[in-house]
Amino acid sequence: MLFLWTTLAALALGASPTRAAERPNVLLIITDDQGYGDFSLHGNPTLQTPRLDALGHESVRFDRFFVNSFCAPTRAALLTGRYPLRCGVWGVTHGKETMRTQEQTLAELLAAAGYRTGCFGKWHNGEQWPYTPPAQGFDEFFGFPNGHWNNYFDSDLLRGAKFEPTKGYITDVLTDEAIRFMSDQVSSKKPFFCYVAYNAPHSPFQAPDKHFDKFKRQGLDDTLAAYYGMCASVDENVGRLLDELDRRKLAENTIVVFLTDNGGTAGVQHFNAGMRGGKTSLHEGGTRVPLFVRWPAERIEPKVVPQIAAHIDIVPTLLDLCGVAPPAEIDFDGQSLRPLLETAAADWPQRTLFAHNPTSETNRYPGAVRTQKYRLVRELGRGPQGGSKAKADRVPIAWQLYDMTQDPAETHDLAKELPEVVADLSKQYEAWYDDISSTGLARLPIQIGHPQENPVTLHAPQAYFAGSNLKFNSGPGYANDWLTGWNDPQGVVWFEIDVVREGTYDLALEYSCPAADAGSEVLVSIGDWRTEVTVPAAEPQNIKLPHRDQAGHAKYQSRQWSKLPIGAVKLEAGRAKLAIQATSIPGNQALDLKGVVLERR
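Caption draft 1: Structural view of helix α6 (residues 209-216). By the burial criterion, the buried members of α6 are His 211, Phe 212 and Phe 215. Taken end-on, α6 shows its buried residues confined to a sector of 95°, consistent with a single buried face. Those residues of α6 hidden inside the fold are in contact with α7 (222-247).

Right under this line is the structure:
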């Protein structure tokens, strides 16, 4: 059921020890929320993606390639070769997206084999050291750690652990950085691993004028025009990366891998290649994405591969192609796709792939099983009380079964006609889920005191809170959000922290507070230490963002935040709870809280 990769298997497939200078470069490109149907190569009648189409025609194209149905779990599997629950990843915010440090990433494995490694763009597997790219094997990091970014123009982005301003559209900026990184390696004897994780076309829907206007002229609404404009920008920038490889004479010995992280979003209603579902769905349209693999030096001939494959296969495949044997203790869930790249692989074994959408630490469903022929899906439906979706979120409905060779749109449920297939595949799913969840799931504490990241900011979406009216400003508390509605003196916000280096820390709140609400008394405590401060006025200063759609203005908001010094605290090593409580609220609310900053002296 699970495909385990060992050093002996690597040697059996031809991965022999290779000197670092002889190994191929690796350019791994992933886009965000771009579905299988968002390419002209796959029949989209409106969106033209000429550079990606050309790459597809030059590559081995996997026509049935699967990932998770949303961002962070896919990225954890992509970088480790293991299903995301094994990595501790079970969500997209509140720290649930944080990958355990025990996992060995592709960057760590290639760096140990002599590669120079760089990550450019969206990370989404941990926000503070040691969960960030610089702590997970990347020599260089330029981008952001969260699930999305609010501003795609002139953004402030992290270089390592420090923010710096940029000029221009974010997709162009990330491409510039990746090109610089690859160009810098030309004079080096080291091969490079360049991981380009574009955040487009994920919302907010912000696109350069030239791309947006092109689609508006075709009569599309603002959302779809921006979304396709972002896809067009990605296409243009992938072309720039490939042109740089040609210009530097690196293309022959560079493995180029392109994929996306889940099914599409804004473009799904327009064109979805005949598939059912989009992002977050465990039907085909939520998990099937393109995979292109190009490596001219090894004469991997362009072709279309019909066999099923998945994100868990990328790490063992690239290690195999690069001649790097992984440590024997790593049990990959994926397997090397090298035989499919090199031959027709008529004797390729039948596989069973699995998918799961985590909604809590323990939910078994939604879940899905994919074989070469069938898709088995179990979704969540209305609870026995009926009512809102929130009340329905815990109740699984019956398994559905579809023959994907005869019914790729999943219109005819075969579950009642083929109960023996349902019984077999569902039994495999239950055993698989028990296996991948056996170590349990929990939100990890935020580590404080690493010299590689000082100060450390605790972000509002990482907080726990209790209080009748406390809530996130924009819905469920995705990246860049803040806590508001703090008008209950019993309300409390807290963070679970782990002090890895004792010492004296300066503590401050990132906040805003209208003059009419100034004067609240706030109690801050860490363990036995506590202090109380009065909240002064700090007028909210909203930042105008270049959203193309009206919904974006409510969903994605940014502010200039003020800083309220709290004082210095001596912290001992170990886990602690940092709590904030407004004990007196003379106005409408105590404050809006963006985060807490701790800086070791």
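Structure's up, so let's keep going.
Caption draft 2: Focus on the side chain of Asp 235. Checked against the element boundaries, Asp 235 lands in helix α7. Despite its burial, Asp 235 pairs with no opposite charge, the nearest such side chain being Arg 51 at 6.2 Å. Ignoring any residue separated from it by four or fewer positions in sequence, one finds Asp 235 in contact with Thr 49, Pro 50, Arg 51 and Leu 52.

Caption draft 3: Quick peek at the packing of helix α2 (residues 50-58) against α7. Two numbers describe how α2 lies on α7: the axes approach to 7 Å, and their chain directions differ by 55°. Between α2 and α7, the interaxial angle falls into the category oblique. In this structure, α2 uses Pro 50, Arg 51, Leu 52 and Leu 55 to contact α7, whose residues at the interface are Val 234, Asp 235, Val 238, Gly 239, Leu 242 and Asp 243. Considered class by class, the residues forming the contact of α2 with α7 number six nonpolar, one polar and three charged.

Caption draft 4: Spotlight on the nonpolar core. Judged by nonpolar contacts, the single largest core of 52 residues is most densely connected at Phe 62, Phe 65, Phe 193, Tyr 195, Val 257, Leu 259 and Leu 291. Here the element with the most residues in this core is helix α9 (residues 314-322); it accounts for six residues. Sequence-distant contacts of Phe 62, that is, excluding residues within four places in its chain, are made with Val 289, Leu 291, Val 293, Val 305, Gln 307, Ala 309, Leu 337, Leu 340 and Leu 341. Ranked by size, the runner-up nonpolar core spans 49 residues in total, among them Tyr 152, Phe 181, Phe 192 and Met 230.

Caption draft 5: Region of interest: the sheet that holds strand β12 (residues 353-356). In space, the four strands of this open sheet follow the order β12-β13-β14-β17, with antiparallel pairing throughout. In this open sheet, the two strands that pair with only one neighbour each are β12 and β17 (400-403). The average undirected angle you get between the axes of adjacent strands in this sheet is 15°. Alignment of strand β13 (residues 367-370) against strand β14 (residues 374-378), held across four bridges, turns out to be antiparallel. Residue pairing in the sheet places Ala 368 in a bridge with Val 377 of β14. This element, helix α12 (residues 419-436), spans β12, β13, β14 and β17 of the sheet and lies at about 65° to β12.

Caption draft 6: Examining the pattern of salt bridges more closely. The tally for this structure, following the rule as stated, stands at 35 salt bridges. Arg 116 is paired through a salt bridge with Glu 140; the nearest N and O atoms lie 3.9 Å apart. Of the two residues, Arg 116 is situated in strand β3 (residues 116-122) and Glu 140 in strand β4 (residues 140-144); the sequence distance between them amounts to 24 residues. You can call Arg 116 partly exposed: its relative accessible area is 28%. Arg 180 is the partner of Glu 177 in a salt bridge, and the nearest nitrogen-oxygen pair spans 3.2 Å. With Glu 177 and Arg 180 both in helix α5 (residues 170-184), this residue pair falls three residues apart, about one helical turn. With a relative accessible area of 27%, Arg 180 lands in the partly exposed category. Connected via shared salt-bridge partners are Arg 116, Asp 139, Glu 140, Arg 159, Glu 164, Glu 177, Arg 180 and Asp 184.

Caption draft 7: Layout of the side chain of Asn 146. Tracing the backbone through its elements, the reader meets Asn 146 in the loop between β4 and β5 (156-159). Engagement of the side chain of Asn 146 in a polar contact is seen with the side chain of Glu 127, the distance being 3.1 Å. Contact partners of Asn 146, with chain neighbours within four places excluded, come to Lys 122, His 124, Glu 127, Ala 479 and Asn 480.

Caption draft 8: Structural detail: unusual backbone geometry. In the segment running from Trp 129 into Pro 130, the intervening peptide bond is cis, with an omega of 10°. Here Pro 130 lies in the loop between β3 and β4. A positive phi angle is found at His 124, which is not glycine, with a value near 70°. For Asn 480, which is not a glycine, the phi torsion comes out positive at approximately 75°. With respect to the secondary-structure elements, Asn 480 resides in the loop between β21 (471-472) and β22 (483-484).

Caption draft 9: Just the environment of Ser 59, in detail. Inspection of the secondary structure assignment puts Ser 59 in the loop between α2 and β2 (60-66). You can call Ser 59 buried: its relative accessible area is 1%. Distance in space between the C-alpha atoms of Ser 59 and Cys 194 is 18 Å, their sequence separation being 135 residues. Within the local environment of Ser 59, its side chain forms a polar contact with the backbone oxygen of Leu 55, the two atoms lying 2.5 Å apart.

Caption draft 10: Up close: the confidence of the model for the protein. Residue-level pLDDT values for the protein average 94, and 94% of them are 70 or greater. Low pLDDT, under 50, characterises residues 385-392; the stretch is placed with eight contacts to residues that sit more than four places away or in other chains.

Caption draft 11: Looking closely at the packing of aromatic side chains. For the coordinates displayed, the defined rule picks out 24 aromatic pairs. Pairing Tyr 83 with Trp 432 gives two aromatic rings, centres 5.0 Å apart and planes at 80°, and the pair type is edge-to-face. In this pair, Tyr 83 sits in the loop between α3 (71-80) and α4 (106-112) while Trp 432 sits in helix α12, placing the two residues 349 residues apart along the sequence. Of the two residues examined, Tyr 83 and Trp 432, each falls in the buried class.

Caption draft 12: Layout of the environment of Leu 318. Within the secondary structure layout, Leu 318 lies in helix α9. Remark: the alpha-carbon pair of Leu 318 and Leu 337, spanning 19 residues in sequence, is separated by 8.8 Å. Not counting chain neighbours up to four residues away, the residues in contact with Leu 318 comprise Val 26, Leu 106, Ile 255 and Val 257.

Caption draft 13: View of the environment of Asp 592. Among the structural elements, Asp 592 can be located in strand β31 (residues 592-600). We classify Asp 592 as buried; its relative accessible area is 6%. On a C-alpha basis, the gap between Asp 592 and Gly 485 in space is 7.6 Å, while along the polypeptide they are 107 residues apart. Setting aside residues no more than four positions away along its own chain, Asp 592 makes contact with Trp 482, Leu 483, Thr 484, Gly 485, Glu 510, Tyr 511, Ser 512, Arg 559 and Trp 561. Among the polar contacts made by the side chain of Asp 592, one reaches the side chain of Thr 484 at a distance of 2.6 Å.

Rules of the game
Residues numbered from 1 in each chain as written. Predicted model: local features only at pLDDT ≥ 70, side-chain atom pairs only at ≥ 80, totals over all residues. Heavy atoms only, no water. Buried < 20%, exposed > 50% of the residue type's maximum accessible area, 1.4 Å probe, protein only. Helix = DSSP H or I, 4+ residues; strand = E, 2+ residues; numbered from the N terminus. Arc of directions from axis to C-beta. Contact = heavy atoms within 4.5 Å. Lys, Arg positive; Asp, Glu negative; His and termini not counted. Salt bridge = Lys/Arg side-chain N within 4 Å of Asp/Glu carboxyl O. Axes fitted to C-alpha atoms, helices over the stretch in contact; angles between N-to-C directions. Parallel < 35°, antiparallel > 145°, perpendicular 65-115°, else oblique. Nonpolar A, V, L, I, M, F, W, Y, C, P; charged D, E, K, R; others polar. Core = buried A, V, L, I, M, F, W, Y, C linked by side-chain atoms within 4.5 Å. Pairing = 2+ DSSP bridges. Polar contact = N/O pair within 3.5 Å; in protein donor to acceptor, adjacent residues only side chain to side chain. pLDDT = per-residue confidence, 0-100. Phe/Tyr/Trp six-rings, centres within 6.5 Å; stacked < 30°, edge-to-face > 60°.

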